[in-house]
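Residues per chain, in single letters:
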Amino acid sequence: MPELPEVEALATFLRERLVGRVVARVEVGALNVLKTYDPPPSALGGLLVAGVVRRGKWLDVDVDGLHLAVHLSRAGWVRWSDALPAAPLRPGGKNPVALRVRLAPEDDEDPHRPPGFDLTEAGTQKRLAVHVVRDPAQVPGIATLGPDPLDDAFDEAAFAALLAGSRQQVKGLLRDQSVLAGVGNAYSDEVLHVARLSPYAIAGRLPAPDVERLYDALRTTLLDAVAAASGKPAKELKDAKRAGLRVHGRAGLPCPVCGDTVREVSFADRSMQYCATCQTGGKVLADRRLSRLLK
């Protein structure tokens, strides 16, 4: 699933190509991705793109005051083309393209094959979400976002205030978009490994040195990942993310810090990875499917 660093890179990538261009039309290939109906996607046609920003894990394309808000979820992605197919996108079938945004061609571009981008979704779990709204706050997933961890105003004191009194396990808190915007399963694993903390530690019980270490790990991990993704085309971002991960998705491989084996805990629809030596004092966490911890 794309998280804050990849969505930030996608926002930058699209901003450089869209701002100042006119949308010719929007074509829908999968009706289920549309979560709003008023205004319709066709309302974007003929309007000028004013900006592209990231809001947590959401992309927000400002089209002259209307907003195309996109959540890529687990299997969604952005595919840019300098020359889109001339044939209109048809709904249904096995085409992975859920939505296509065509730009109005400029003088040096083929009028029949203008540039633009597709929103694609692989697999059978169709969770890609597209909203066309007049205000981003009309999107429930955006309206309920917590603070952005890369916001300049989000200092250690603000982070400590989020943790204070929380009964959530720190892994769950980091992934909770209503508490903190933009961090998902992969980067929460990475942050906790850098901070040398168990994913099952209770957030509100962390002593001050652990809170400081966790805050520093959160900021440095995300900033490093944003820097690594910066400037890369959309098609290279997934590989760049995988190459930069220390423990997530690396179960069975050696920890890059201590050499111990990276271990995994499986849940119904996801898994997490950690290093027992670095994070849990050598204790191995039981698979959550067993609903207990090894003592």
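Residues numbered from 1 in each chain as written. Predicted model: local features only at pLDDT ≥ 70, side-chain atom pairs only at ≥ 80, totals over all residues. Heavy atoms only, no water.

J.: In this structure, what is going on with unusual backbone geometry? I would like to understand it.
T.: Glycine aside, residues mostly have negative phi, and peptide bonds are mostly found in the trans state. Following Asp-38, the chain continues to Pro-39 via a peptide bond in cis, the omega torsion being 0°. If you trace the backbone, Pro-39 turns up in the loop between β1 (23–28) and β2 (49–55). For Asp-64, which is not glycine, the phi torsion reads 50° and is therefore positive. Examined against the element boundaries, Asp-64 turns out to sit in the loop between β3 (58–63) and β4 (66–71). Even without being a glycine, Arg-196 presents a positive backbone phi close to 60°. Within the secondary structure layout, Arg-196 lies in the loop between α5 (185–195) and α6 (208–229). (Helix = DSSP H or I, 4+ residues; strand = E, 2+ residues; numbered from the N terminus.)

J.: Even after reading the chapter, I still don't get the packing of helix α3 (residues 156–163) against α6, so can you show me in this structure?
T.: Packed helices, taken two at a time, are described by the angle their axes make and the gap between the axes. With their axes 10 Å apart at the nearest point, α3 and α6 run at an angle of 115° to one another. Of the two possible hands of crossing, α3 and α6 adopt the one that is right-handed. Where α3 abuts α6, its residues Glu-156, Phe-159, Ala-160 and Leu-163 lie against Val-211, Glu-212, Leu-214, Tyr-215 and Leu-218. Residues that form the contact of α3 with α6 fall into these classes: seven nonpolar, no polar and two charged. (Axes fitted to C-alpha atoms, helices over the stretch in contact; angles between N-to-C directions. Left-handed = near helix turned anticlockwise from the far one by under 90°. Contact = heavy atoms within 4.5 Å. Nonpolar A, V, L, I, M, F, W, Y, C, P; charged D, E, K, R; others polar.)

J.: Got a minute to help me understand the nonpolar core in this structure?
T.: Inside soluble globular proteins, nonpolar side chains tend to come together where they are buried. Counting 37 residues, the largest nonpolar core has Leu-14, Leu-18, Leu-68, Phe-117 and Leu-119 as its most contacted members. With seven residues, the single largest contributor to this core is helix α1 (residues 4–18). A domain split of this core shows at least three residues from each of domain 1 (4–144) and domain 2 (156–292). Setting aside residues no more than four positions away along its own chain, Leu-18 makes contact with Val-49, Val-52, Val-61, Trp-80, Leu-103 and Phe-117. Within the second largest apolar cluster, 27 residues are counted, among which are Phe-154, Leu-163, Val-183 and Ala-225. (Core = buried A, V, L, I, M, F, W, Y, C linked by side-chain atoms within 4.5 Å. Buried < 20%, exposed > 50% of the residue type's maximum accessible area, 1.4 Å probe, protein only. Domains from an automatic or database assignment.)

J.: Explain α5 to me, please; I cannot follow it from the model alone.
T.: Each turn of an α-helix holds 3.6 residues, which means side chains three or four residues apart point in the same direction. The buried fraction of α5 is high, at 10 of 11 residues. Of the residues making up α5, those classed as buried are Asn-185, Ala-186, Tyr-187, Ser-188, Asp-189, Glu-190, Val-191, Leu-192, His-193 and Ala-195. In the core, the buried residues of α5 are packed alongside α1, α4 (170–175), α6, α7 (237–244), β10 (271–274) and α8 (276–279). Taken from the residues just after α5, Arg-196 is the one with a positive phi, measuring 60°.

J.: What is the right way to read the packing of aromatic side chains from this model?
T.: Per the stated rule, a full pass over the model turns up four aromatic pairs. Measuring from centroid to centroid gives 6.4 Å for Phe-13 and Trp-80, while their planes differ by 85°, and the two rings are edge-to-face. Here Trp-80 lies in strand β5 (residues 76–81) and Phe-13 lies in helix α1, a separation of 67 residues in the sequence. Neither Phe-13 nor Trp-80 differs from the other in exposure class; each is buried. Ring geometry for Phe-159 versus Tyr-215: centroids 5.9 Å apart, planes at 40°, classification tilted. Placement of the pair is Phe-159 in helix α3 and Tyr-215 in helix α6, with a sequence separation of 56 residues. As far as burial versus exposure is concerned, Phe-159 and Tyr-215 are alike and both buried. Feature note: the residues Phe-154, Phe-159 and Tyr-215 constitute an aromatic cluster, connected by ring pairs. Over the aromatic face of Phe-13 sits the side chain of Arg-17, whose NZ or CZ is 3.7 Å from the ring centroid. In this structure, Arg-270 is placed above the aromatic ring of Phe-267, and the distance from its NZ or CZ to the ring centre is 4.2 Å. (Phe/Tyr/Trp six-rings, centres within 6.5 Å; stacked < 30°, edge-to-face > 60°. Lys NZ or Arg CZ within 6 Å of the ring centre and 35° of its normal.)

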